[in-house]
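# Fold and geometry: a report
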Amino acid sequence: MTGMVRPVRKIVIVGGGTAGWLTAGIIAAKHRSRMSAGFSVTVVESPTTPIIGVGEGTWPTLRGTLARIGVSETEFLRSCDVAFKQGARFARWTTGTEDDAYYHPLMVPQAFSQINLVPHWLAKNNGRSFCDSVCPQGRVCDDGLAPKTITTAEFDAVANYAYHLDAVKFAAFLREHCCEKLGVQHVLADVRCTNLREDGDISSVDTEQAGDIEGDLFIDCTGFKALLIGDALGVPFKECGDVLFCDTALAAQLPYPNQMHPIASMTIATAQSSGWIWDIGLPTRRGIGYVFSKRHISEDKAERELRAYLGPNGRNLSVRKINIRSGHRETFWKRNCVAVGLAAGFLEPLEASAIVLIELSAKLIAQQMPVCREVMDIVAARFNAATLYRWGRIIDFLKLHYVLTKRRDTAFWRDNVLPETIPVRLQELLLLWRHQPPWFHDEFDRVEEVFPAASYQYVLYGMGFRTAIEPAALAGDAKAAERAMRETVVHSERLCAGLPRHRDLIRRISEQGLQPV
Ligand SMILES: Cc1cc2nc3c(=O)[nH]c(=O)nc-3n(C[C@H](O)[C@H](O)[C@H](O)COP(=O)(O)OP(=O)(O)OC[C@H]3O[C@@H](n4cnc5c(N)ncnc54)[C@H](O)[C@@H]3O)c2cc1C
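Reading guide: rules and limits
Residues numbered from 1 in each chain as written. Predicted model: local features only at pLDDT ≥ 70, side-chain atom pairs only at ≥ 80, totals over all residues. Heavy atoms only, no water. Near = heavy atom within 4 Å. Polar contact = N/O pair within 3.5 Å; in protein donor to acceptor, adjacent residues only side chain to side chain. Areas by Shrake-Rupley, 256 points an atom, 1.4 Å probe, with all protein chains shown as cover. Helix = DSSP H or I, 4+ residues; strand = E, 2+ residues; numbered from the N terminus. Nonpolar A, V, L, I, M, F, W, Y, C, P; charged D, E, K, R; others polar. Contact = heavy atoms within 4.5 Å. 1 Å grid on protein atoms, 1.4 Å probe; cavity = no way out; pocket = protein on both sides within 12 Å on 5 of 7 lines; lining within 4 Å. Points joined across faces, edges and corners; volume = space filled by probe spheres on them. Domains from an automatic or database assignment. Buried area = accessible area lost by both parts, 1.4 Å probe. Axes fitted to C-alpha atoms, helices over the stretch in contact; angles between N-to-C directions. Parallel < 35°, antiparallel > 145°, perpendicular 65-115°, else oblique. Left-handed = near helix turned anticlockwise from the far one by under 90°. Buried < 20%, exposed > 50% of the residue type's maximum accessible area, 1.4 Å probe, protein only.

Here we take up the site of the ligand. Looking at the ligand, there are 33 residues lining it, with Gly16, Thr49, Val54, Gly57 and Ile355 nearest. Ser46 has a polar backbone atom sitting 3.1 Å from a nitrogen atom of the ligand. Between the ligand and Ile52, the relevant distance is 2.9 Å, taken from an oxygen atom to a main-chain nitrogen or oxygen of the residue. Here the ligand has 1,000 Å² of accessible area as a free molecule, and 96% of this is covered by the chains. Of all the secondary structure elements, the ones that give two or more residues to the shell around the ligand are helix H1 (18–30) and helix H10 (353–367). Here the shell around the ligand gets 3 residues from one element, more than from any other, and that element is H10. Across the shell around the ligand, the residue classes break down as 18 nonpolar, 11 polar and 4 charged.

Glancing now at the environment of Met369. In this fold, Met369 is placed in the loop between H10 and helix H11 (376–403). Separated by 339 residues in sequence, Met369 and Lys30 have C-alpha atoms that sit 9.8 Å apart. Discounting chain neighbours no more than four positions away, the residues touching Met369 are Val8, Ile11, Ile27, His31, Arg34, Phe39 and Leu217.

On to the layout of surface pockets. By volume, the second largest pocket is sized at about 430 Å³. Lining of the second largest pocket is provided by 23 residues; of these, Ala101, Tyr102, Ser129, Tyr461 and Gly462 occupy positions nearest its centre. At the level of secondary structure, the elements contributing two or more residues to the lining of the second largest pocket comprise strand E5 (101–105), helix H5 (130–134), helix H6 (137–142) and helix H14 (453–462). Considered class by class, the residues forming the lining of the second largest pocket number 9 nonpolar, 7 polar and 7 charged.

With that settled, consider the domain arrangement of the protein. Domain boundaries assigned for the protein yield domain 1 (10–56 + 166–237 + 327–394) and domain 2 (247–323). Taking only C-alpha atoms into account, the centre of domain 1 sits 30 Å from that of domain 2. With 8 residues of domain 1 in contact, the opposing surface of domain 2 contributes 11 residues. Summed over both partners, the interface of domain 1 with domain 2 comes to about 820 Å²; 59% of that surface belongs to carbon and sulfur atoms. A per-residue breakdown of the area domain 1 buries against domain 2 is headed by Val54, Glu56 and Leu350, which together make up 52% of the total. Taken together, the links from domain 1 to domain 2 amount to 4 residue pairs in polar contact (both at pLDDT 80 or more). Among the residues forming the side of domain 1 that touches domain 2, the class breakdown is 5 nonpolar, no polar and 3 charged.

Closest axis-to-axis distance for the helix H2 (residues 61–68)/H10 pair is 10 Å, and the angle between their directions is 45°. On the basis of the axis angle, H2 is oblique to H10. Where H2 crosses over H10, the handedness of that crossing is left-handed. Taking contact as the criterion, the partners of Thr61, Leu62, Thr65 and Arg68 in H2 are, on H10, Val356, Glu359 and Lys363.

A separate point is empty space enclosed by the protein. Tallied over the full model, the rule gives 1 cavity of 30 Å³ or more. The calculated volume of the largest cavity comes to roughly 50 Å³. As for the largest cavity, its lining consists of 11 residues, and the residues nearest its centre are Arg390, Arg393, Glu449, Val450 and Phe451. If one sorts the elements of the lining of the largest cavity by residue count, H11 sits on top with 5 residues. Its residues assigned to classes, the lining of the largest cavity comprises 7 nonpolar, no polar and 4 charged.

Take Arg307: it is sitting in helix H9 (residues 299–310). You can call Arg307 partly exposed: its relative accessible area is 25%. Spatially, the C-alpha atoms of Arg307 and Phe383 are 43 Å apart, while their sequence positions differ by 76 residues. Apart from residues lying up to four places away in sequence, Arg307 is in contact with Gly314, Arg315, Leu317 and Val319. A polar contact of 2.9 Å, which involves the side chain of Arg307, links it to the backbone oxygen of Leu317.

Right, here's the structure in full:
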C-alpha cells in the first residue's frame, strides 16, 4: 500500500469531569514514552459549566487504575474525602419490610473458582443468608470495619474494596496529577462549535477563550451535553426508560451528628415507593439521594420521602434536582470521535457502574490507540462492539434487582415486573437459572465483565431466587462445599477480630499514611 498516512498523535479530550480526567490520565500514562515524539493529550474544560459533581460510589477496578496512572493511594484518600466501600446493602427490595436486606459484597464467594456453592447452600443453609454462608464481607460491613489495616500496603486489600469519594475533589485531584505528573495539557475554554473536515471527521473545536484547537482523535467527555458525539456527529441516543424507569434524582449532603460517628463501608440502597435512596458515607458527610420515576411519583412526594429518610438533621438541607436520561449512544466511536462518561450514556447509579465503565473505555482506547487514521475505523468497530455489549449487560444486571422483587405495594414495583419491561436476554437467563445457577464459566467471558457471575449470585440468592437442584448433582462435591462454608465462618471470625474500625483507619491514614507500593 502506498500513500500518505495520517498519524494519530494529538488527542483532544473535551470536558474536565471524572470522565475527562480519568481518560486523560489513563491515556497519558500508557503513552508517556511517545510524548517526546509529538504525542500529546489535551483536556479542554469549560471555565463556566461546572462538572456534575455527583458519582461517589466506585468499583474495585479504580484501585488498579489509580495505581497504573501513578497516584499515591494515601494522597488520594487524604485529598478527595475518601472512605472505603466493600459493597452494597440493599434494603427493602424484596418484600419491603423492616428486616428485608441483603448484601452484594465485593469479595467473591469462598473457593469460587473451584466450586459453585449455590446448590449446596440451597440444599442446606440453616437459615443463614447466601452472603453470610459464602463470604465474610457482610459481617465486616455490619461491624463497621475497614477492609484493610494501617500496615496493609497502598492498594492492597485484606477484604476486596472500592471507594466512596467526593466527585468534585476527585476531578480536581486528577487534574493536578495529570498536569503535573503525566504531561497532560489543560486548556480552560468554552467550546462554541465543532469544525468538520470534508470527509466528516472533526478537524477542530472552536473555543471562546483559546481559538481553534485541532486534534487527530477527539474524546467527548462533555457530560449530558454530548457536544461532539451528539450535537456535531448526530449519533442517536438509545433510550432505555422502558426497562429502567428512574428518570430523576434529588441529592443532598447530610453532616454527621459528630466527628466520631461511624462511617458505613458499604453503599446503602433503600427501596422507596417509586425508586430507591442511595446513602454513601464519606469521612466528613453522607451523600444521600432519591432516584425515582416521575411517571410514578410527583417531585413533591419524592422530596417528602427523601426528607423522611434524612431525618430531623436534614430538615433544612438544600436538595438538588438532577434529571436523568436512561440510555446510551447507539454507537460510541464514530469517525475520529469517541464518547466516554455521561456523553456516552447513563444508567441509574444502583451499582455504581458509570465510573468503572469510564475506566474500561479509557483503558480500551489507550491499549488500542490507533497509530494512524487509516486503521481507526477498525479499532472503533471493536470498541463499539465491546462497549455495546457492556451497556447491555449492565442494563440486564440493574433490571435484575427489580424483577426479583415480591413488592406489589405501588405501581412502580408492579410495573417493574411486567414481562414487556424485561430484556429478552435477561428473561432467558432467568429461565436458565431456574435450572442451573450462574457460575464463573457460564458465559461471562467475552470481555472484561463489569459484573461477573459472583455479582449475579449475590443478587439472585439475596433476593430469594430459587434454582431447582437435583439432589444427585450435589453428591460429588458435598464435602468440599461443606468445608468451604466452614472456612467462610472461620474467615469471618478472623477478619472481624483483626480489622480496625472504618473511621479509625481513615483517621490513622490521614495522620501517618499507608506504606507506598
Ligand atoms: C444522580 C447521579 C448519581 C451518580 N452516582 C454515581 C455513582 O455512585 N457511581 C458512579 O460510578 N457514577 C455515578 N454517577 C455518574 C457519574 O457522576 C458520572 O459518570 C461521572 O461523574 C462522569 O461525568 P462526566 O465527566 O461524564 O460529566 P461531567 O461531570 O458533567 O463533566 C462534563 C465536563 O464537560 C465540560 N463542558 C461542558 N460543556 C462544555 C463546553 N461547551 N466547552 C468545554 N467544556 C464543556 C464541563 O465543564 C465539565 O468539565 C451518578 C450520576 C448521577 C446523575
